[in-house]
Amino acid sequence: MTSNGRNILLDYYNKAASNYYERMSGGIGGWLRGREVSITYNMIPQDGKGMNTLDAGCGPCFYSALLKERGFNVTAIDISPEMVKIARNLGFPAYVMDIEYSAPPEELPTPFDFVLCAGVLEFANDPAAFLRSLRNMAKEGAEIAVVAPMAGAFGRFYRSHLVKRGIPARVYTKKSLEEAMRNAGLEPIEVRAKWPICLAAKARAI
């Protein structure tokens, strides 16, 4: 992604932060969001007691809240300072980080027992480099769950929608997602599809 595309992405999410839930809760967007949420839930262990976890690309902390409910000790990161502000207001330790290009903040309590990254991988310029950054923040043997848009009719529409806004984006097949994981030092465990919106994959840091 070009620096201009990155700036447009950052501006988009900073502006969307204040009413992100409302914008994604109704109509076709809400239906699609619900399908993403249902498959993501199944990628998160039911009992996270004592596990330090990273919500990578936390947004307004929808998944951070679920992780907390399941007993995880949650730390959040996001490229958007406005999203990080929301996370902190909700009581989560949160930090600004561009996952693909930035070193982890010194305050980040790495390494993590579990990493969740939902709805961010589509913006990666180099998916393997992005996933390698997640792997480097995880303990050896830790699980990393990733949710990304699936190639197909919806994927083409979603990508086109972002590109028109000046934001380059990717969609994934099961094969391309697994390949990126392996190139990042991750061992794929499972990949599930939720028609028509996304793939959810779990891998192990090796």
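Small disclaimer: the values here were computed from a predicted structure and weren't measured.

Below, the discussion takes up the nonpolar core. Core analysis: the biggest nonpolar cluster contains 38 residues, and Tyr13, Ile44, Leu67, Phe114, Leu116 and Phe123 have the highest contact counts within it. No other element matches helix 1 (residues 3–16), which puts four residues into this core. Once residues lying within four places of it in the same chain are set aside, the contact partners of isoleucine 44 are Leu66, Leu67, Arg70, Phe72, Phe114 and Leu116.

A sheet is described by the order of its strands in space; here seven strands give the open sequence 3-2-1-4-5-7-6, paired in mixed fashion. The sheet is open, and its two borders are formed by strand 3 (94–96) and strand 6 (186–194), each paired with just one other strand. Each adjacent strand pair in this sheet contributes to an overall mean axis angle of 15 degrees, direction not counted. Direction of pairing for strand 5 (residues 138–149) relative to strand 7 (residues 198–205): antiparallel, over a ladder of seven bridges. Of the residues in strand 7, the one forming a bridge with glutamate 143 is arginine 204.

In this section: helix 1. An α-helix turns once every 3.6 residues. As a result, residues three or four positions apart point the same way. Relative to the 20 Å expected for 14 residues at 1.5 Å per residue, helix 1 spans 20 Å between its end C-alpha atoms, a close match to the ideal helical length. Where helix 1 is concerned, the buried positions are Gly5, Arg6, Leu9, Tyr12, Tyr13 and Ala16. Projection of helix 1 onto a plane perpendicular to its axis shows the buried side chains occupying an angular sector of 125 degrees, all on one side. Across from the buried face of helix 1, at angles greater than 90 degrees, the exposed residues are Ser3, Asn7 and Lys15.

With that settled, the discussion passes to helix 5 (residues 81–89). Within helix 5 the residues assigned to the buried category are Met83, Val84 and Ala87. Looking down the long axis of helix 5, one finds its buried residues gathered within 100 degrees of arc, a one-sided arrangement. Glycine 91 occupies a position one or two residues after helix 5 and carries a positive phi of about 95 degrees.

What follows deals with the pattern of salt bridges. Once their charged atoms are close, side chains differing in charge can pair, the charge on each being opposite to the other. This model, assessed by the stated rule, comprises ten salt bridges. Lysine 139 is the salt-bridge partner of aspartate 113, the closest N and O atoms lying 2.8 Å from each other. You can see aspartate 113 sitting in strand 4 (residues 112–118) and its partner lysine 139 sitting in strand 5, a full 26 residues away along the chain. Through salt bridges that share partners, Arg6, Asp98 and Glu100 make up one connected network.

By the secondary structure assignment, aspartate 78 is in strand 2 (residues 73–78). Polar contacts involving the side chain of aspartate 78 include one to the main-chain amide nitrogen of serine 80, which spans 2.8 Å. When neighbours within four sequence positions are excluded, aspartate 78 is seen to be in contact with Gly57, Cys58, Gly59, Met83, Val84, Tyr95, Val96 and Met97.

Scoring rules and cut-offs
- Residues numbered from 1 in each chain as written.
- Predicted model: local features only at pLDDT ≥ 70, side-chain atom pairs only at ≥ 80, totals over all residues.
- Heavy atoms only, no water.
- Core = buried A, V, L, I, M, F, W, Y, C linked by side-chain atoms within 4.5 Å.
- Buried < 20%, exposed > 50% of the residue type's maximum accessible area, 1.4 Å probe, protein only.
- Helix = DSSP H or I, 4+ residues; strand = E, 2+ residues; numbered from the N terminus.
- Contact = heavy atoms within 4.5 Å.
- Pairing = 2+ DSSP bridges.
- Axes fitted to C-alpha atoms, helices over the stretch in contact; angles between N-to-C directions.
- Expected span 1.5 Å × (residues − 1).
- Arc of directions from axis to C-beta.
- Salt bridge = Lys/Arg side-chain N within 4 Å of Asp/Glu carboxyl O.
- Polar contact = N/O pair within 3.5 Å; in protein donor to acceptor, adjacent residues only side chain to side chain.

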